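Coordinate analysis (summary)
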Amino acid sequence: MSKKRGFSVKEDESHISVHNGLIGLEFEKAEGGFGLSNIVNMLTGYSFMLPSDEAASLWKADFRDAGGKAYIIDNKVDCKRSYRVEEKSEDTLVINFEWTDIDLGDEKGVINVKVSLTLKRDSALSYWRIKLENHSRKSCLWEIIFPLLENVGATRDDPSHDLLIVPDGWGRIYRDPRKMSPYQATYPGGWNFAMQFLSFCHDYSGLYLAAYDPKAYHKRFIFIPDTYTGTVVKHLPRSSFQLINYPENMGVLQTVYEMPYDVVIGVFRGDWYDASQLYREWVLKNAAWCRRGKLSKRGDVPRWFQEITIWCMPGSPPEPRMDPGDPKYVVSEVLRFREFFDVPIAIHWYNWHKIPFDTDYPEYFPTKEGFKDAVKKLQEFGVRVMPYINGRIFDFNCRSWLLDRAERYCAKESAPRLNAQTLQNYVEFYGSRQKFAVMCPFTEYWQDKVAGIVERLVGEYGVDGVYIDQIAAAPSNLCFDPEHGHPLGGGNYWFSGCEEMLRKARERARERNPEAILTSECNAECFMAYLDAFLTWHSFQGELVPIFPAVYGGWTITFGRSFTMEDLKNPVSFRAKVGQMFIFGAQLGWFNLYEITQDEYKAEAEYLKKLAKYRLLGLKFLLHGRLMRPLKFDTSFPTIDLNWTFIQKTVKVTLPVVMSSVWKADDGTLGIIFTNISETPQLVAFKIDLKDYGFPQGKKYTVSRITEKGKEKIDEYGSTEIQFKDLLPGRDVLMLQIEAN
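Now for a description of the structure that goes with this document. (Residues numbered from 1 in each chain as written. Predicted model: local features only at pLDDT ≥ 70, side-chain atom pairs only at ≥ 80, totals over all residues. Heavy atoms only, no water.)

Once that is clear, we can look at the sheet that holds strand 26 (residues 393–395). Within the open sheet, the three strands sit side by side as 26-30-29. Their pairing is antiparallel. Here the strands that pair on one side only, and so sit at the sheet edges, are strand 26 and strand 29 (427–428). Sheet topology note: the strand 26/strand 30 (residues 436–438) ladder contains three bridges and is antiparallel. Within strand 30, the residue paired with D395 across the bridge is F436. (Pairing = 2+ DSSP bridges. Helix = DSSP H or I, 4+ residues; strand = E, 2+ residues; numbered from the N terminus.)

Here it is as C-alpha cells:
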C-alpha cells in the first residue's frame, strides 16, 4: 500500500484501489485493461458497481478508414499497459494510465492512449481526461466514448430505491431506472439536457457524473438501463453511463485528440438538490455563459422584463375564416386579459407574418396588415410585445434560398469515414411538412440574416423584443463543410456561432431600443449570456424537480408552459400547472386561454391573479434569490393524480396539493413560499433550523408574512430553530420572510 498525505493507493492480485477517504475508485490491473470496476461512496459506504465476470470498461474509440470501415478499440485491447502515480502537491494526486503500441487493422502500434485521474485531498470529486495519439495513415478518429461505466446498479437492497436524476427541462427524476428506456441527450441541446451533469442515487448515496466544459463542446450523454427480464439466467440490474466525445476535424487524419475539458465522477450524500449544488459550485465560477454575473448585478436585463408576471399568446380566432394572429383580434383579446389581471403582461405573438407558420422561413416580411399599429396600441396599455421567429432553419422552397445561394451556409453532415467525398444537408420538417435546411450558426451569413430580422422588428415595427425559436432547444449538429471556417465535425463552434449570432442580434436591436430583449425555446444553459429568458414550455413529463432553478436561481429567467382548454375544464390541473411554475420561480402563463376571464372560470382566474400579485411581491426571492434546500414537513400533504396533454401524448403526473420552495435573497432574508392548489384548507406545519440555510447562531430572528397589504410580523425567535403551524386556505398563497434582527 502507498499512502500519500491523505491518499491511499493499494494494489492486490487483481485490482488497483485508490481513495482519499471520501471517494474510492477500483481499477482492474494491467492484464485486465485498467477498467473501472467500482466506485465507492465513502461518505455512506455504498458501492455503485456490481462485480462482473467480464473485464471492466473505461473507454472505447471508433476509427474509420476511407471506405467507412470501423476499427473499434477499447481499454481491453491487446497492447502494452502501464500506470504511474504522481503527487502534484500535498493536496493533489494524479494517476496516469497508458495503453501504447495499439494495432489498428494491419497498421502495427499506431495508437497510444493516456487517461489521467486527478484526486484532491478534501474533495469527493475525481477529475478525468483522455488523450489519444494517432499515427495511422489510413484511419481517422471518429468518436471516443469516455468514460464508459458499466455494471452500475443496486449493490444493496432493492433496485427500486435507485433514482436517475437528469437536467431535463426544470429537472426530472426517474425512479427505478431499470424500467425506463435508454436516455440519450446531445449537448448543447435544451430539449432534454439543459446542463452537463446527471446523477444516479440509491437512497441518499449519490453518484455524480458531469462534464466540466466551460466552452460547450458538442457531446452526448447516454444512460442505458438494464431491462433484462429473463428467467433462465438471473442477475441484478446493471446499467451503464457513456459520454461520447467528438474530436475536432473528424473525417481527416488527426495526430492527437486531447479532451479539452474535465469529466467529473464524484459521490455525495443527499438527493437531487445536493447534486445540483455540486454543479452550481463549478458552473457559476467557470462557464463562459456566466461571465455577466447575477441578474441583480449585470444590469443588461431591463427592469420591465424582470417584472413581467403573465405571458399570453394569440388565441384561436372565433371564426374559422379569421387568420391566426389577426392583429384586430389579438388586440381586443389581450387588452381584455390585461384589464382583468392588472399586472405586467406580455404577448408572445405567433403568426404575425403573412406566410403560413413553419413555411418560407426566413422570409417573414411583409407582416399582416395592422401589425405595427397593433403593437403600438398594446404598448399604450402597458402590454409588451415579443413576436416569434425561427433562428435555425431555412425553407428550401423560399425565394431567397436560391437568390442568396443559401445552401453554402447550411450545416452539412458526413458519413463516418476518412475524407468523405460527398456531404449532405441536414433536412427537417414539422407540422407544415415543408422541408427545411438546418443552417450553420458559425457562418456570418446566417448570423447577419437573423440579426437583421430582429433589428427590423424592433426598429421598424417597435416590438419590445424577439423570441428566436429552437436556439436553446434543438441539439447542436456536427457540420463538416470546410468552407465555413470552423473545425470539421466536433468542436464548440455551434455554441460560439449561436452566441455570436445572439450577440449581434441583441446589439443591433438595442441600437434601436436600448431595452429590447431576446428569448428562445427551452433552456440550454450555455446561451444565457445574450438571452434574457428561456421558454420552459416543454417541462412536463414525469417527476419534476427544480434542478435548473437550483443551479441558476438569480442568474437567468424562465417563463411559460403549455396550457390547453382541458386544463380549464379540470380546474385542479390548471392550478397545478401554474402553481408549480410559481413555486419554481418562473414567469407565469403562456396562455391562449382567453376564456379564463369568463364567469365560468372566475375562480381559476382569481387564483392566477393572486399568484401574479405574489410573484411581484416576492421578486427578491423568486427572481433574484437562490433556491435553497426544500423543507421537510412533519406530515405529508395529500396528492392528486393528473393527466396532462403534451404534444399529443398523455403525461401522468402526481403532485402534492401544497407545493413549496425556499429562497435566499441577496439581502440575506429567507423566503418560504407555499401555494395550496386544492379547494380546501391544508395544515402547513414545519420545523427549520436556520443554521442549515447559512444563518448564524446568537441572533434573534423575525418571521413575517408578506401579503398584498404589506409585511405582517408573526413571531420572533431567540435561536435558529423556527417552528410554524397554520392553515392555508384553498387556492391561496403563503409567503413567509425570515430575517435576522
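To continue, consider the pattern of salt bridges. Applying the stated criterion to the full structure yields 48 salt bridges. E98 is the salt-bridge partner of R84, the closest N and O atoms lying 2.7 Å from each other. Of this pair, R84 sits in strand 9 (residues 80–89) while E98 is found in strand 10 (residues 92–104), placing the two residues 14 residues apart along the sequence. Residues R292 and D300 are paired through a salt bridge, measuring 3.0 Å at the closest nitrogen-oxygen approach. Given the relative accessible area of 30%, R292 is considered partly exposed. Via salt bridges that share partners, R292, R298, D300, R506, R510 and D532 belong to a single interconnected network. (Salt bridge = Lys/Arg side-chain N within 4 Å of Asp/Glu carboxyl O. Buried < 20%, exposed > 50% of the residue type's maximum accessible area, 1.4 Å probe, protein only.)

What follows covers the side chain of H218. Along the chain, H218 turns up in the loop between strand 18 (205–212) and strand 19 (219–224). Among the residues examined, H218 registers a relative accessible area of 8% and is labelled buried. At 2.7 Å, the side chain of H218 forms a polar contact with the side chain of S476. Ignoring any residue separated from it by four or fewer positions in sequence, one finds H218 in contact with T186, Y187, P188, Y246, S476, N477, L478 and G491. (Polar contact = N/O pair within 3.5 Å; in protein donor to acceptor, adjacent residues only side chain to side chain. Contact = heavy atoms within 4.5 Å.)

Since the α-helix advances by 3.6 residues per turn, residues separated by three or four positions end up pointing in the same direction. Within helix 5 (residues 371–380), the full set of buried residues consists of F371, A374, V375 and L378. One side of helix 5 carries all its buried residues, which in axial view fall inside an arc of 105°. Turned more than 90 degrees away from the buried face of helix 5 sit D373, K376 and E380, all of them exposed. Taken together, the buried residues of helix 5 touch helix 4 (327–341), strand 24 (345–349), strand 25 (384–390) and helix 7 (444–461). (Arc of directions from axis to C-beta.)

Just geometry here; none of it tells us what the structure is for.
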